[in-house]
Amino acid sequence: MTNLFTPIQLGAVELDNRVLMAPLTRCRADADHVPTDLMVEHYAQRASAGLIIAEATMVMEGNSAFWREPGIYSQAQVAGWKRITDAVHAKGGKIFLQLWHGGRACHPLLNDGRVPVAPSAIAITNDEVHTPEGKKAYTVPRELKDEEIPAIVEGFRVAAENAQCAGFDGVEVHGANGYLLDEFLRDGANRREGPYGGPIENRARLLLEVIDAVVAVWGDERVGVRISPLNSFNSMKDSDPVALATWLAKRLNDYNLAYLHLMRADFLGEQQADVISPVRAHYFGNLILNMGYNTEEAYTAINSGEADAIAFGVPFIANPDLPERLREGAELNEADPATFYSQGAAGYNDYPTLVELEEVVA
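Notes on the structure follow. (Residues numbered from 1 in each chain as written. Predicted model: local features only at pLDDT ≥ 70, side-chain atom pairs only at ≥ 80, totals over all residues. Heavy atoms only, no water.)

**Considerations on the packing of aromatic side chains**
Given two aromatic rings, one states the distance between the centres and the angle between the planes to describe the pair. The cut-off we apply is this: To pair, rings of Phe, Tyr and Trp, with the six-membered ring standing in for Trp, must have centres within 6.5 Å; the planes then decide the type, stacked if under 30 degrees apart, edge-to-face if over 60, and tilted in the middle. Here a strand is any run of E in DSSP of at least two residues, a helix any run of H or I of at least four, and the numbering for each starts at the N terminus. With a 1.4 Å probe rolled over the protein chains alone, any residue whose accessible area is under 20% of its type maximum counts as buried; one over 50% counts as exposed, and the rest are partly exposed. We count a charge as sitting over a ring when the NZ of a lysine or the CZ of an arginine lies within 6 Å of the ring centre and within 35 degrees of the ring normal.
Per the counting criterion, the structure on display carries ten aromatic pairs. The interplanar angle of 80 degrees and the centroid separation of 6.3 Å between the aromatic rings of F184 and Y196 together place this pair among those described as edge-to-face. A residue pair is termed long-range when its members are at least 10 positions apart, and F184 in helix 4 (residues 180–185) and Y196 in the loop between helix 4 and helix 5 (200–203) qualify at twelve residues. For F184, a relative accessible area of 0% gives the class buried. The buried category is assigned to Y196, whose relative accessible area is 8%. Three or more aromatic residues link up through ring pairs in this structure, and these residues are F66, W100, Y179 and Y341. For R264, the ring lying beneath its charged end belongs to Y293, and the centroid distance is 3.7 Å. The cationic tip of R327 hangs over the ring face of F5; the distance from NZ or CZ to the ring centre is 4.2 Å.

**Regarding the packing of helix 1 (residues 37–45) against helix 2 (residues 75–90)**
The test is simple: Axis lines are fitted to C-alpha atoms, over the contacting stretch for helices. Their N-to-C directions set the angle, which ranges from 0 to 180 degrees. Roughly parallel here means an angle under 35 degrees, roughly antiparallel means over 145, roughly perpendicular means 65 to 115, and every remaining angle is called oblique. Definitions for this section: a left-handed crossing has its near helix turned counterclockwise from the far helix by less than a right angle. A right-handed crossing has that turn clockwise. Whether two residues touch is decided by their heavy atoms; if any such pair falls within 4.5 Å, the residues are in contact. Gly falls in the polar group here, along with every residue not listed as nonpolar (Ala, Val, Leu, Ile, Met, Phe, Trp, Tyr, Cys, Pro) or charged (Asp, Glu, Lys, Arg).
With their axes 8 Å apart at the nearest point, helix 1 and helix 2 run at an angle of 25 degrees to one another. As judged from the angle between their axes, helix 1 and helix 2 are roughly parallel. The interaxial crossing formed by helix 1 with helix 2 has right-handed handedness. Seen from helix 1, the contacting residues are D37, M39, V40, Y43 and A44; seen from helix 2, they are W81, R83, I84, A87 and V88. Its residues assigned to classes, the contact of helix 1 with helix 2 comprises eight nonpolar, no polar and two charged.

**Brief notes about the state of the cysteines**
Formally: Throughout, a disulfide means two cysteine sulfur atoms within 2.5 Å of one another.
Scanning the model with the defined rule gives zero disulfides in all. Left without a disulfide partner, C27 is nearest to the cysteine sulfur of C106, which lies 13 Å away. Using a relative accessible area of 4% as the deciding quantity, one classes C27 as buried.

**Some points on unusual backbone geometry**
Of all residues except glycine, most have a negative phi; of all peptide bonds, most are trans. Non-glycine residue D112 carries a positive phi angle of around 55 degrees. By the secondary structure assignment, D112 is in the loop between strand 5 (95–100) and strand 6 (117–118). One non-glycine residue with positive phi stands out, namely M291, at about 115 degrees. Looking at the element boundaries, M291 is found in the loop between strand 13 (287–290) and helix 9 (295–303).

**Description of the nonpolar core**
Quick note on the threshold: Working definition of a nonpolar core: buried Ala, Val, Leu, Ile, Met, Phe, Trp, Tyr and Cys residues. They are joined through side-chain atoms within 4.5 Å.
Core analysis: the largest hydrophobic core is formed by 88 residues, its most contacted members being Y43, W81, L99, V214 and I310. The element best represented in this core is helix 6 (residues 205–218), accounting for ten residues. Setting aside its immediate chain neighbours within four residues, V214 contacts L99, F156, A160, V171, V173, G219 and V223. Among the nonpolar cores identified, the runner-up in size contains 14 residues, and V13, I53, A258 and I288 belong to it.

**Side note on the side chain of R104**
Going by this rule: When charges are counted, Lys and Arg are positive and Asp and Glu negative, with His and the chain ends excluded. Salt bridges are counted wherever a side-chain nitrogen of Lys or Arg sits within 4 Å of a carboxyl oxygen of Asp or Glu. Identification of polar contacts relies on pairs of N or O atoms within 3.5 Å, with a donor-acceptor requirement for protein atoms, meaning one able to donate a hydrogen and the other able to accept it, and with residues adjacent in sequence counted only if both atoms are side-chain atoms.
Mapped onto the fold, R104 is located in the loop between strand 5 and strand 6. No salt bridge is formed by the buried R104, whose closest oppositely charged neighbour, E183, lies at an N-O distance of 4.2 Å. Among the polar contacts listed, one links the side chain of R104 to the backbone oxygen of N234, at a separation of 3.0 Å.

**Considerations on the layout of surface pockets**
What counts, and what does not: Here a cavity denotes grid points, spaced 1 Å and computed from the protein atoms alone, that fit a 1.4 Å probe unable to get out, and a pocket denotes an open set having protein on both sides within 12 Å along at least 5 of 7 lines; residues with an atom within 4 Å of a point are the lining. Grid points are joined across faces, edges and corners, and a volume is the space filled by probe spheres set on the points.
By volume, the largest pocket is sized at about 1,000 Å³. Residue lining of the largest pocket: 45 residues in total, with L24, T25, F267, F340 and Y341 positioned closest to the centre. Around the second largest pocket, the lining is made up of 16 residues, and of these A31, H33, L110, N111 and D112 lie nearest the centre. Taken together, the residues of the lining of the second largest pocket break down into seven nonpolar, four polar and five charged.

Right under this line is the structure:
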C-alpha cells in the first residue's frame with residue numbers, strides 16, 4: 001500500500017517520502033530581509049522532509065507584511081538563500097521556495113510609509129499586524145491599476161530567476177491565505193471591474209499570468225501552486241469557495257505542475273465546505289493536502305488516494321526529525337506559539353530530535 005514513506009515523483013523532482021514541510025513564516029531574517037545563520041541551521045535540521053517548502057518570501061522590495069520575513073530580490077538575499085539550499089542538499093534534502101507578494105497585508109510602518117496595494121481598497125479587519133511600534137490595525141490599501149499589474153508579474157518572474165541562482169529545486173507560487181494573488185482570486189476582497197475582476201476567470205487572471213511567468217523560467221515540472229479557498233485568515237471570504245476550487249483544479253490541468261497544494265479548511269472556522277473532493281476529482285496531477293493533519297489522518301489520506309502527499313506545518317516547527325518520529329510512532333514535541341515570530345534562536349533551533357532525547361536518557 002502507498003504510505004507516507006513511499007517515494008514520489010513531483011514533476012521533475014523525486015522525493016524519498018511524502019512527509020512535506022509546509023511553508024512557515026518565522027521572522028528570522030535580518031532587517032534587510034536577508035536569510036541568517038539561524039535560518040541555515042533551521043532548514044538543515046529539517047532536511048529529512050520529503051520536500052521543504054521554504055517560507056513566504058518577498059518577490060519585490062517594499063512589500064513586507066511580517067517585519068523580518070526573507071526576500072529574494074537582492075543579491076545579498078540570493079547569497080543568503082544559497083547557503084540554506086547548500087546546507088539542505090548536503091543532508092540529502094530537497095527544497096522549494098515559496099514566492100509571495102503580501103498585498104493588503106503589508107503595512108506602511110514596515111515599508112517606509114508605502115501604502116499597500118490590493119485588487120480593491122478594502123482593509124483587513126479581523127486581525128492586527130506586528131510592527132516595530134507594536135501591533136497595529138491594517139490600513140486601507142490602494143487599488144492597483146490595470147497598467148500596474150504587469151510589473152507585479154515581472155517581479156515574480158525575476159524572483160523565480162533569483163531562486164534558480166540561489167540553488168532551489170523548484171518554487172511554489174503563493175496563491176493562498178489572503179495575500180495578493182489570493183486577494184484577486186476571492187470575491188470578498190476583489191470588487192474591481194475590468195479584466196481582473198468579476199467572474200472567476202477574470203479574478204484568476206493574475207494568478208495564471210504569474211504561473212506563466214514562473215513556468216517560463218523553471219518549466220512547469222518544477223513549479224507548485226498553493227491555494228486556500230476556505231481560509232478566512234486576513235479577512236478573506238468567497239461567495240462560492242467550492243466553485244472557485246473546482247474551476248482552479250480544472251484550469252491548472254493546462255499545466256504539468258509539480259503539484260497543487262490545497263489547504264483543506266479555515267484557520268478561523270468561519271467557512272465550512274468540502275473542497276478536497278472536487279479538487280481531487282478534477283485535478284489530475286499531484287495533490288498535496290495541508291492543515292491540521294495528525295498521523296492517522298495523513299496515513300488515511302495517502303492510502304485512500306485522497307492525497308499524494310501531506311504538508312505538515314506546526315509539527316515541523318517542534319520536530320526537526322518529524323518523518324522519523326512518524327515512522328516510529330514516537331511522541332511529538334509540543335510547539336511553543338510564543339516563539340513562532342519572536343526572531344531569536346529560542347523555539348526555532350532548540351527542539352530536540354529523538355536521537356538527542358535518547359542520548360539524554362542514556
